[in-house]
Amino acid sequence: ALTERDRARERLEQLGAEEGSAERVTALKDAEATSEELRLARAELQLSKQKAAQLDAEVESQSEELARTRGQLLDSWEQVKNMRSTVSWRLTAPLRAVRRSRTR
C-alpha cells in the first residue's frame, strides 16, 4: 500500500505539471484518498480479528470452567444420594423430623 501511494504521488506530480490535466489530478487525489481509506480499513480489520481471537479464547476458558463446575455439582448430588441411602440416614430420619418440628 505504501509503494502504491508513492507511485500515485509521483504520477500526480507528473500530471500536475502537464497542462489540462486537472481531471487527472482530481482522479489521482481520489485514488490516493481511497488507498488511505483501504489501509485504515485493513488495520481496523486486523484489530477486530485480534479482538475476536481473544474473545474466542475467553469463551473457551469459560466453557471449560463451566464443564468442571457441572461435573463437581453432579458429584456432589451423587454423594448426597449415596448418603441418604445409607442405613444410618434412614434410622435417624425420625430424629431429624422431631428436630425440624421443634424448631418451627
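From a predicted model like this one, the values you see are computed outputs, not experimental measurements. (Residues numbered from 1 in each chain as written. Predicted model: local features only at pLDDT ≥ 70, side-chain atom pairs only at ≥ 80, totals over all residues. Heavy atoms only, no water.)

**Remarks on the overall build of the chain**
Part 1 of the reasoning: Across its full length, the chain carries four helices and zero strands.
Part 2 of the reasoning: Taken from N to C terminus, the helices and strands of the chain fall in the order α-α-α-α.
Part 3 of the reasoning: When the accessible surface of the chain is summed, it comes to about 9,300 Å², and 54% of that surface belongs to carbon and sulfur atoms. (Helix = DSSP H or I, 4+ residues; strand = E, 2+ residues; numbered from the N terminus. Areas by Shrake-Rupley, 256 points an atom, 1.4 Å probe, with all protein chains shown as cover.)

**Side note on the packing of aromatic side chains**
Part 1 of the reasoning: Inspection of the entire model under this criterion finds zero aromatic pairs.
Part 2 of the reasoning: Across the ring face of Trp89, the terminal group of Arg96 is positioned such that the distance to the ring centre comes to 3.6 Å. (Phe/Tyr/Trp six-rings, centres within 6.5 Å; stacked < 30°, edge-to-face > 60°. Lys NZ or Arg CZ within 6 Å of the ring centre and 35° of its normal.)

**Here's the deal with the confidence of the model for the chain**
Part 1 of the reasoning: For the chain, the mean per-residue pLDDT works out to 86, and 87% of the residues sit at or above 70.
Part 2 of the reasoning: The weakest mean pLDDT in the chain belongs to helix H1 (residues 2–17) at 70; the strongest belongs to helix H3 (residues 87–91) at 94. (pLDDT = per-residue confidence, 0-100.)

**Observations concerning the pattern of salt bridges**
Part 1 of the reasoning: In this structure the tally under the stated criterion is two salt bridges.
Part 2 of the reasoning: A salt bridge links Arg39 to Glu36; the shortest N-O distance between them is 2.6 Å. Remark: Glu36 and Arg39 occur in helix H2 (residues 22–84); sequence separation between them is three residues, near one turn of the helix.
Part 3 of the reasoning: The residue Glu78 makes a salt bridge to Lys81 at a minimum N-O spacing of 4.0 Å. Here Lys81 and Glu78 lie together in helix H2, a separation of three residues that amounts to about one turn. (Salt bridge = Lys/Arg side-chain N within 4 Å of Asp/Glu carboxyl O.)

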